[in-house]
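Spelled out from the first residue to the last, the chains are:
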Amino acid sequence: MAKPVSIEVWNPNGKYRVVSTKPMPGTRWINLLIEQDCRVEICTQKKTILSVEDIIALIGDKCDGVIGQLTEDWGETLFAALSRAGGKAFSNMAVGYNNVDVNAANKYGIAVGNTPGVLTETTAELAASLSLAAARRIVEADEFMRAGLYDGWLPNLFVGNLLKGQTVGVIGAGRIGSAYARMMQVILLSKSPDVVFSSILGTYGQFLKANGEQPVTWKRASSMDEVLREADVISLHPVLDKTTYHLINKERLATMKKEAILVNCSRGPVIDEVALVEHLKQNPMFRVGLDVFEDEPYMKPGLSEMKNAIVVPHIASASKWTREGMATLAALNVLGKIKGYPIWGNPNQVEPFLNENAQPPAASPSIVNSKALGLPVSRL
Ligand SMILES: NC(=O)C1=CN([C@@H]2O[C@H](COP(=O)(O)OP(=O)(O)OC[C@H]3O[C@@H](n4cnc5c(N)ncnc54)[C@H](O)[C@@H]3O)[C@@H](O)[C@H]2O)C=CC1
Ligand SMILES: O=C(O)C(=O)CO
């Protein structure tokens, strides 16, 4: 069995043993656990993705809760090991929990936490960045400059797409998808400060109309194909499950506009990446911005050579505030279950847990299987 070699221990005499499979940003999450009598053990092994065997070794004989990562395979084997060690709680440091078999956790009565809300805007901002970078070919142009190829302005140099007035399609209009859509409006609204503060799109539409401009409109599509056919920029934000695996496949790519921009900040397998590479080859004006990959951390053959693809290493939630907040939420999920606290009533409103100047509420911020486990809900 591959034993993790290096562990950092905080508050060695704490009553409850909480393990984090990775160092996480900030120290607030550690302090909050210590204040509540936890011994915190952080695996500092220099290995990006821990195996199931590594994590079993980390759990050991006694473990009250684990904070884990989206790269880990939390299934029957790990929940059985955690249960044997007396564990009651696991939390992903992520909102997505497609790496977790919640039914297996239910079987052992283990609460499963995630970290919604705190990463909504940060992730939406990366999706917007990728949309704009793809439209205006920013990465290609940057490489060109660095290679010393720029020898003067040319009418045809790195001509991209104008986004003004184009249609943005959002597939998976949940927290992040909606924030992405709102942001598009904010970009447009920022021209006129008095309208920025009016969040009502209709008002802005009337303003544009009154100034002789085309009003911004929105509509709910009746099918995915309608979005694919009509949108100039499509941003994917669904959960990954059986219904969204290869949601974007060869046929659907063919439905999209030849010069469309496709952005994926959800999970890699939502796109059939082999089909995507072929589509990028056949349609040089079609562009993608990808934060996630089907075989992450690897890219399917050919993708890295495609000039019309922008690829970044799963950094959509990588702002300091967000990553520290995710660590705090994950730690409080585990702590809350260990201490027998109720579940926070609204996982979309997690601000009270993130206020560094106040004690967090005595509740678990977000437990995805709270109903299945019959856990009480906080009245705070
Ligand atoms: N790249 C990154 O770093 C990040 C990725 N994510 C991913 O984004 C996902 C969404 O996060 P949130 O917006 O917070 O979750 P959410 O639960 O608020 O939104 C997910 C949306 O997907 C929709 N959906 C589910 N099945 C669908 C289908 N078959 N077709 C179309 N839409 C469908 C749901 O109705 C819901 O509106 C997470 O599950 C995670 O996988 C989240 C944060 C950061
Ligand atoms: O939270 C998630 O689901 C992520 O992908 C990490 O930001």
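For every chain, the first residue of the written sequence is number 1, and numbering continues from 1 onward in sequence order. Following the order in which they are written, the chains are lettered starting with A and the ligands numbered starting with 1. Local features in this predicted model are restricted to residues whose pLDDT is 70 or higher, and side-chain atom pairs enter the listing and the counts only when it is 80 or higher, whereas totals over whole chains, interfaces and linings include all residues. Only hydrogens and water are removed before side-chain values are computed, so all heavy atoms of the structure are retained for them.

The name given to the protein in an unreviewed UniProt entry is Glycerate dehydrogenase HPR (Peroxisomal), with Citrus sinensis as the source organism.

**Some details on the overall build of the protein**
Formally: We count a stretch as a helix when DSSP gives it H or I for four or more residues in a row; a strand needs E for two or more, and each element gets its number in order from the N terminus. Note on method: radius of gyration uses C-alpha positions; expected globular size equals 2.2 Å times residues raised to 0.38. Relative accessibility thresholds used throughout: buried, under 20% of the residue-type maximum; exposed, over 50%; partly exposed, between the two (1.4 Å probe, protein chains only). To be clear on the numbers: accessible area is Shrake-Rupley with a 1.4 Å probe, and residue cover counts the displayed protein chains and nothing else.
Check the secondary structure of the protein and you find 15 helices and 11 strands. Relative to its length of 380 residues, the protein is compact, with a C-alpha radius of gyration of 23 Å against a globular reference of 21 Å. In terms of overall dimensions, the protein has C-alpha extents of about 70 × 45 × 40 Å along its principal axes. Split into buried and exposed, the 380 residues of the protein put 51% on the buried side. On the protein, roughly 19,000 Å² of surface is accessible, and the fraction owed to carbon and sulfur atoms is 55%.

**Describing the site of ligand 1**
Rule in force here: Put simply, a residue is near a molecule or strand once any heavy atom of it comes within 4 Å of that molecule or strand. Under this definition, polar contacts are N or O atom pairs within 3.5 Å; protein pairs additionally need one hydrogen-donor-capable and one acceptor-capable atom, and for neighbouring residues in sequence, both atoms have to be side-chain atoms. Residues are grouped as follows: nonpolar covers Ala, Val, Leu, Ile, Met, Phe, Trp, Tyr, Cys and Pro; charged covers Asp, Glu, Lys and Arg; every other residue, Gly included, is treated as polar.
Not every one of the 22 residues close to ligand 1 is listed here, only the nearest: R175, I176, T243, D291 and H314. In this structure, C265 approaches ligand 1 through a main-chain N or O atom, which is 3.2 Å from a nitrogen atom. Alone, ligand 1 offers 870 Å² of accessible surface; in the complex the protein occludes 77% of this. In terms of residue class, the shell around ligand 1 is built from nine nonpolar, 10 polar and three charged.

**Section: the packing of helix α2 (residues 52-59) against helix α3 (residues 76-84)**
Packed helix pairs are characterised by how far apart their axes lie and by the angle those axes make with each other. Here is the rule we go by: In this description, a line fitted to the C-alpha atoms serves as the axis of each element, helices being fitted only across the stretch in contact, and the angle between N-to-C directions of two axes falls anywhere from 0 to 180 degrees. Should an angle lie under 35 degrees it is considered roughly parallel, over 145 roughly antiparallel, and from 65 to 115 roughly perpendicular; all remaining angles are considered oblique. Contact definition: two residues touch when any of their heavy atoms are within 4.5 Å.
Taken N-terminus to C-terminus, the directions of α2 and α3 make an angle of 10°; their axes are 10 Å apart at the nearest point. One finds that α2 runs roughly parallel with respect to α3. Touching V52, I55, I56 and I59 of α2 are T77, L78, A81 and L82, all from α3. Residues of the contact of α2 with α3, tallied by class, amount to seven nonpolar, one polar and no charged.

**Quick look at the environment of D232**
Here D232 lies in the loop between α10 (224-230) and β8 (233-236). The exposure class assigned to D232 is buried, which follows from its relative accessible area of 12%. Here D232 is in contact with Q166, T167, K257, A260 and I261, once residues within four sequence places are set aside. Only 2.6 Å separates the side chain of D232 from the backbone nitrogen of T167, close enough to count as a polar contact. Only 2.9 Å separates the side chain of D232 from the side chain of K257, close enough to count as a polar contact.

**Observations regarding the sheet that holds β8**
Spelled out, the test is: Between any two strands, pairing holds if DSSP finds at least two bridges.
Taken together, the five strands give an open sheet; going across it, the order is β7-β8-β9-β10-β11, and neighbouring strands pair in parallel fashion. Every interior strand has two partners, whereas the edge strands, β7 (168-171) and β11 (309-311), have only one. Going across the sheet, the axis of each strand differs from the next one's by a mean of 10°, ignoring polarity. Where strand β10 (residues 287-290) lies against β11, three bridges are found, and the strand directions are parallel. The residue of β11 that forms the bridge with G289 is I310. Its contacts with the sheet put helix α5 (residues 120-135) on β8, β9 (261-264), β10 and β11, and the angle it makes with β9 is roughly 150°.

**Concerning a nonpolar patch on the surface**
To keep things clear, this is the line we draw: Patches draw on residues past 30% relative accessible area with no salt bridge. Two like charges within 9 Å are joined, as are two nonpolar side chains (Val, Leu, Ile, Met, Phe, Trp, Tyr) within 5 Å. Only one rule defines a salt bridge in this text: a Lys or Arg side-chain nitrogen within 4 Å of an Asp or Glu carboxyl oxygen.
A contiguous nonpolar patch, built from M145, Y150 and W153 and spanning about 410 Å² of accessible area, is present on the exposed surface. Position of M145 relative to the elements: it lies in helix α6 (residues 138-146).

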